[in-house]
There are 2 protein chains.
Amino acid sequence: MTEKKVRRTRQSVNREVLESRILRSAEIVFASKGFSGASMERIAEISKISKQNLIYYFPNKDLLYKRVLKEILDIWIEKLSFIELNGNTPQDIIGNYVREKMRISRLHPNGSKVFAHEIISGAPVLKSYLVSHLKPQFDRDVDVVKSWINKGLIDDIDPEHLFFTIWAATQTYADFSVQMEVLLGKKSLEEDDYERAELAVTDFVMRALGAKKNI
Amino acid sequence: MTEKKVRRTRQSVNREVLESRILRSAEIVFASKGFSGASMERIAEISKISKQNLIYYFPNKDLLYKRVLKEILDIWIEKLSFIELNGNTPQDIIGNYVREKMRISRLHPNGSKVFAHEIISGAPVLKSYLVSHLKPQFDRDVDVVKSWINKGLIDDIDPEHLFFTIWAATQTYADFSVQMEVLLGKKSLEEDDYERAELAVTDFVMRALGAKKNI
DNA sequence: TTTATTGCTGACCGTAAAGACAACTTTATA
DNA sequence: TATAAAGTTGTCTTTACGGTCAGCAATAAA
């Protein structure tokens, strides 16, 4: 175990605390305004530090933005490694995938929104990441689904668009939550709303895969 | 036929042409930057007029933004009146609904993106519209679906979340097109991609409703 | 043809925002 | 404890942007 010699002084601890506080604030502001609309001043304000101090920790807005994006991508990578998901049947695996994605929408709505803004804006920052990281993983996952189809474990559905639909249907609970709140007549989405949503979405996806559970 | 006395002079025609050119440009910029990130200067540039002239036609950014939003909402209202959609069976009606929504994603991706930015940002401008217009329509449409369920015409699914999923799954082809282009390895989504997408999504939705087609 | 209306432009203003910089304070290390 | 490093703040500069305004140009109406 090669221990990195990072002295855990009072300062370094504070630094970590403050940095994550800043990142949380930045996430909020980027989620609500996108990159260009977000201001360092506002992020500093929410972090309860001065703008100059914010700049001390994150020398410029680009860098801060990239860190926020990196945070949410790390979570996705960690939680959504499709192949490594538990489950014996395709239904289990995809079910867990959907549930995990719903969980992320619930727990990290702001990160999700930042990502959405970025992609809708044409992915100026993330495009290269999509090519280098997401596409290879996507290709692998699509192949897995194809093999399931070939083995007759699930119905003959369109694998690529299955993923697109799953992503959209789960992500929407983070990105479009305001719309849902209005339509469901609630001030904010609560635990039970997410439970219903999860049930509904997993149900839809299971039906898409075909009722092969009992073979 | 009460004809409005709008003189169709050379000026008034030009005005209309120019206004719609501006709206198209504005849509592009708002789609790619959101409200706060968009600049009047840039919109003017794309419209190939001076900033001052742009301001002559649309005295301020708010107003222009609202007009762009209104344009896409009008299209949605016109094309997506759920109840008035043709079709005899629930499957027909919902199928047409999905196909119409896919069509809009293909034909008006920028409007769709502007809307997405707006909702993700917390719907600062559209919230009241959602309450006054969208919710009543939503409630009616949900009731229709419930009645179909009660009559046994479709399976017992969650009507509210069915709509959320349909919206998400169709809208994503406008909003997240960049991501799909990367994942599908294409420079841009073409006619046949949208066809495949439409087939896939309608298939998923039909499966969600239950295979009651042949009763 | 004259007059009124509409369209358009250049110069300008105020504000907000990113970020540079120097000075000062607090904390850590030798 | 003395010195170095890290953290913090106030001041300032530059730039981008939304918007005003006065005046000129083109077109329509009388």
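Each chain has its residues counted from 1, running along the sequence as written. Ligands are numbered from 1 and chains lettered from A, in the order in which they are written. In view of the model being predicted, local features appear only for residues whose pLDDT reaches at least 70, and side-chain atom pairs are presented and counted only at 80 or more, with totals across whole chains, interfaces and linings using the full set of residues. The basis for the side-chain values is all heavy atoms of the structure; hydrogens and waters are excluded.

## What about the relation of the copies chain B and chain A?
Here the copies are superposed with least squares, the fitted atoms being C-alpha atoms of residues at a pLDDT of at least 70 in both. Mapping chain B onto chain A leaves a residual RMSD of 0.1 Å; the transformation is a rotation of 180° accompanied by 0.0 Å of translation along its axis. This pairing of chains is accounted for by a two-fold axis. Taken as a fraction of all interface residues of chain B, those also at the interface in chain A reach 100%, which identifies the copy contact as same-surface. Contact between two residues is taken to exist if any of their heavy atoms lie within 4.5 Å; hydrogens are not considered.

## Focus: the protein's contact with DNA strand D
Here a residue is near a molecule or strand as soon as one of its heavy atoms is found within 4 Å of it. As a matter of local geometry, DNA strand D sits amid 21 residues, with Arg15, Gln52 and Tyr57 of chain A together with Met40 and Lys51 of chain B nearest to it. Arg15 of chain A places a side-chain nitrogen or oxygen 2.2 Å from a phosphate oxygen of DNA strand D. Side-chain polar atom of Asn53 of chain A to a phosphate oxygen of DNA strand D: 3.3 Å apart, as the coordinates give it. Of all the secondary-structure elements, those providing two or more residues to the surface near DNA strand D are α1 (10–37) and α3 (51–57) of chain A together with α1 (10–37), α2 (40–47) and α3 (51–57) of chain B. Comment: elements are numbered from the N terminus, with helices defined as DSSP H or I runs of at least four residues and strands as E runs of at least two. The element that contributes the greatest number of residues to the surface near DNA strand D is α3 of chain A, accounting for four residues. Here the residues of the surface near DNA strand D sort into six nonpolar, nine polar and six charged. Think of a polar contact as two N or O atoms within 3.5 Å of one another; within protein, one of them needs to be a possible hydrogen donor and the other a possible acceptor, and neighboring residues in sequence only count if both atoms come from side chains. Any residue that is not Ala, Val, Leu, Ile, Met, Phe, Trp, Tyr, Cys, Pro, Asp, Glu, Lys or Arg is counted as polar, Gly included; the first ten are nonpolar and the last four charged.

## Observations regarding the protein's contact with DNA strand C
Taken together, 21 residues sit near DNA strand C, with Lys51 of chain A together with Arg15, Gln52, Tyr56 and Tyr57 of chain B positioned nearest. For DNA strand C, the backbone makes up 67% of the atoms found within 4 Å of the protein, where backbone means sugar plus phosphate. Between Ala38 of chain A and DNA strand C, the recorded distance is 3.4 Å, taken from a backbone N or O atom to a phosphate oxygen. Within the side chain of Gln52 of chain B, an N or O atom sits 2.4 Å from a base nitrogen of DNA strand C. Where the surface near DNA strand C is concerned, the elements lending two or more residues are α1, α2 (40–47) and α3 of chain A together with α1 and α3 of chain B. The dominant element in the surface near DNA strand C, judged by the number of residues it contributes, is α3 of chain B, at four residues.

## Things to note about the pattern of salt bridges
For this analysis, a salt bridge means a side-chain nitrogen from Lys or Arg found within 4 Å of a carboxyl oxygen belonging to Asp or Glu. Within the structure shown, the criterion is met by 24 salt bridges over all chains. When the shortest N-O distance is used, the salt bridge between Arg42 of chain A and Glu45 of chain A registers 3.0 Å. Here the residue Arg42 of chain A and the residue Glu45 of chain A both occupy positions in helix α2, the gap between them amounting to three residues, near one helical turn. Summary of the burial criterion: residues with accessible area below 20% of their type's maximum are buried, those above 50% are exposed, and those between are partly exposed, where the area comes from a 1.4 Å probe applied to protein chains only. For Arg42 of chain A, a relative accessible area of 40% corresponds to the partly exposed category. In this structure, Lys186 of chain B and Asp192 of chain B form a salt bridge, with 3.8 Å as the shortest nitrogen-oxygen distance. Owing to a relative accessible area of 31%, Lys186 of chain B belongs among the partly exposed residues under this scheme. With relative accessibility at 43%, the residue Asp192 of chain B sits in the partly exposed group.

## Comments concerning the UniProt feature "DNA-binding region" (unreviewed entry) in chain A
Under the feature "DNA-binding region" (unreviewed entry), the UniProt entry names residues 39–58 of chain A. Secondary structure within residues 39–58 of chain A divides into 75% helix and 0% strand; the distance between the first and last C-alpha atoms comes to 13 Å. UniProt positions are given in the numbering used here, feature names are shortened, and annotations may be inferred rather than shown by experiment.

## Quick look at the interface of chain B and chain A
Contacts between the two partners involve 55 residues from chain B and, on the opposite side, 55 residues from chain A. A quick way to say it: buried area is the sum, across both parts, of accessible area lost when two parts are put together, with a 1.4 Å probe. Taken over both partners, the interface formed by chain B and chain A buries close to 4700 Å², and the fraction arising from carbon and sulfur atoms is 69%. Of the charged contacts in the structure, one is a salt bridge between Arg196 of chain A and Asp158 of chain B, with a shortest N-O distance of 2.7 Å. The interface formed by chain B and chain A contains 15 residue pairs in polar contact (both at pLDDT 80 or more). Among the secondary structure elements, those contributing two or more residues to the side of chain B that touches chain A are α1, α6 (109–120), α7 (127–150), α8 (159–175), α9 (177–184) and α10 (191–209) of chain B. Tallying contributions element by element places α8 of chain B first for the side of chain B that touches chain A, with twelve residues.

## Quick notes on the side chain of His161 of chain B
Locating His161 of chain B in the fold gives a position in helix α8. When its relative accessible area of 2% is taken as the criterion, His161 of chain B is described as buried.

## Structural notes on the confidence of the model for chain A
When pLDDT is averaged across chain A, the result is 92; 94% of the residues are at 70 or more. Every residue in residues 1–5 of chain A is under pLDDT 50, and counting partners more than four places away or in other chains gives zero contacts. Predictor confidence is given residue by residue as pLDDT, running from a minimum of 0 to a maximum of 100.

## Looking at the nonpolar core
Soluble globular proteins: nonpolar side chains tend toward being buried together. We call a set of buried residues a nonpolar core when its members are Ala, Val, Leu, Ile, Met, Phe, Trp, Tyr or Cys and they connect through side-chain atoms within 4.5 Å of each other. Core analysis: the biggest nonpolar cluster contains 141 residues, and Leu64 and Ile94 of chain A together with Leu64 and Ile94 of chain B have the highest contact counts within it. Those residues in contact with Ile94 of chain B, other than ones at most four positions away along the chain, are Phe82, Trp148, Leu162, Ile166, Val205, Met206 and Leu209 of chain B.

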